[in-house]
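Understanding the architecture of this molecule
Next come the chains, spelled out residue by residue.
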Amino acid sequence: MRCKKCQEKAVIGLPRHNAAFCKGCFNEYVHDQVARAIKAQRMFGQKDRILVAVSGGKDSLALWDILLKLGYQADALHVDLGIPGYSATSREKVERFADAVAASRQAKLIIHVVKQEEGAGIQELANLVNRPTCSTCGTIKRYQFNRAAVERSYDVMATGHNLDDEAARLLGNVLHWQVDYLEKQGPVLPASVEGFARKVKPLYRLAEREVAAYAVLNRIDYIVEECPMAKGSKMLLYKEVLNHLESESPGTKQAFYWGFLDRQTETRPTAGSMAEKDQASLHPCTVCGQPTTADVCTYCKMMARAQAASPR
Ligand code: Q46
Ligand code: ZN
């Protein structure tokens, strides 16, 4: 197998593009796909300050690496969830990357420790509020990322969702006809109201195996294991189904997700109309001030319940 660009020995084949690349040309391809995503979706500019949500997995660390190499000012936030046997290793990987790569580019790492800030690890909190661990985790991560981005005046928050993640989410939303979610699903979520950070997904043009290959080829040391709480999740099942289709018919995932985005641009509400809709229903949480549709936001309600239920 030869590199399609330079005819050197290829290290990876990309059936969906009918191509193969050597290491150098593959890195160029990855950087180019991210640069294109940023430009096509008008995600941010060279002067913007970006906050990357990093878990310690391949996608988020690769994203941080790529943005820094493309010359963006990108700091990162890691949420230490306090999951035994998983969170300590994840945090270690993030810290190691920050010391080895990010520090030389003046990028900062912020760490939020759930056990310290919320008073208990994610599983214990979920038990206290009687909710599934992943939904408790989602509420905390969304809240803390948004808060960090807004309070520290970042222009935009970036996450490492790749093509596989987005295609799997789309499949889930279509299977259950989650029309509200379908309307908002996309690589850019505008900062619709004051207090909500703009959110972007610069890896949406890259498949999971491409991001994994990029991380390996560039010696990014990431946590390989999935979070133990993800076991049996529907997202993993949807990914499996899509991978099966992809292996039979390369390009299926891309056609599915990009096709959705193309059609959505015709019907998708504009940032302005979304802002109007949100503005009408959102106001500051009476406890913490972050935007919410109720009097008290989900996070503050959850923390109040955890406090009431915790043994004194
Ligand atoms: S980290 Fe959190 Fe995921 Fe782990 S506890 Fe569930 S939601 S599975 S992205
Ligand atoms: Zn609140």
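For the structure, check the block above.
All values derive from a computational prediction rather than experimental measurement.

**Let's talk about the pairing of strand β5 (residues 109-113)**
- Note that strand β4 (residues 73-80) and β5 share 5 bridges and pair parallel. Looking across to β5, one finds that L77 is bridged to I110.
- Once you follow β4 into helix α3 (residues 87-102) and on to β5, the crossover reads as right-handed.

**Observations concerning the side chain of E246**
- Checked against the element boundaries, E246 lands in helix α10 (residues 234-248).
- Summary of buried charges: E246 has no salt-bridge partner, and the nearest side chain of opposite charge, K253, is 4.8 Å away.
- Aside from chain neighbours lying at most four places away, what touches E246 is R16, G251, T252 and K253.

**Some remarks on α3**
- Buried within α3 we find S87, S90, K93, V94, F97, A98 and A102. One side of α3 carries all its buried residues, which in axial view fall inside an arc of 135°. Opposite the packed face of α3, turned more than 90 degrees from it, sit the exposed residues A88, D99 and A100.
- Tucked into the core, α3 has its buried residues touching α2 (58-69), β4 and β5.

**Describing the packing of α10 against helix α11 (residues 252-267)**
- With their axes 8 Å apart at the nearest point, α10 and α11 run at an angle of 115° to one another. Within the contact between the two elements, α10 uses L242, N243, L245 and E246 and α11 uses T252, K253 and F256.
- Here the contact of α10 with α11 is built from residues that sort into 3 nonpolar, 2 polar and 2 charged.

**A word on the environment of T136**
- Here T136 shows up in helix α6 (residues 133-151).
- In this structure, the C-alpha to C-alpha distance between T136 and T298, residues 162 residues apart in sequence, is 9.8 Å.
- If sequence neighbours within four positions are ignored, T136 has contacts with I122, L125, A126, V129, R131 and M302.
- A polar contact of 2.9 Å, which involves the side chain of T136, links it to the backbone oxygen of P132.

**Observations regarding the packing of aromatic side chains**
- Scanning the model with the defined rule gives 7 aromatic pairs in all.
- Consider the rings of F44 and Y72, whose centres lie 4.9 Å apart with planes at 85°: the pair is edge-to-face. Taken together, the residues span a long stretch of sequence, with F44 in the loop between α1 (23-40) and β3 (49-53) and Y72 in the loop between α2 and β4 at a distance of 28 residues. Both residues of the pair, F44 and Y72, belong to the buried class.
- In this structure an aromatic cluster arises from ring pairing among F21, F26 and Y29.

About the cut-offs
- Residues numbered from 1 in each chain as written.
- Chains lettered and ligands numbered in written order.
- Predicted model: local features only at pLDDT ≥ 70, side-chain atom pairs only at ≥ 80, totals over all residues.
- Heavy atoms only, no water.
- Pairing = 2+ DSSP bridges.
- Helix = DSSP H or I, 4+ residues; strand = E, 2+ residues; numbered from the N terminus.
- Right-handed = clockwise from strand over helix to strand, strands pointing away.
- Buried < 20%, exposed > 50% of the residue type's maximum accessible area, 1.4 Å probe, protein only.
- Lys, Arg positive; Asp, Glu negative; His and termini not counted.
- Salt bridge = Lys/Arg side-chain N within 4 Å of Asp/Glu carboxyl O.
- Contact = heavy atoms within 4.5 Å.
- Arc of directions from axis to C-beta.
- Axes fitted to C-alpha atoms, helices over the stretch in contact; angles between N-to-C directions.
- Nonpolar A, V, L, I, M, F, W, Y, C, P; charged D, E, K, R; others polar.
- Polar contact = N/O pair within 3.5 Å; in protein donor to acceptor, adjacent residues only side chain to side chain.
- Phe/Tyr/Trp six-rings, centres within 6.5 Å; stacked < 30°, edge-to-face > 60°.

By themselves these figures say nothing about function.
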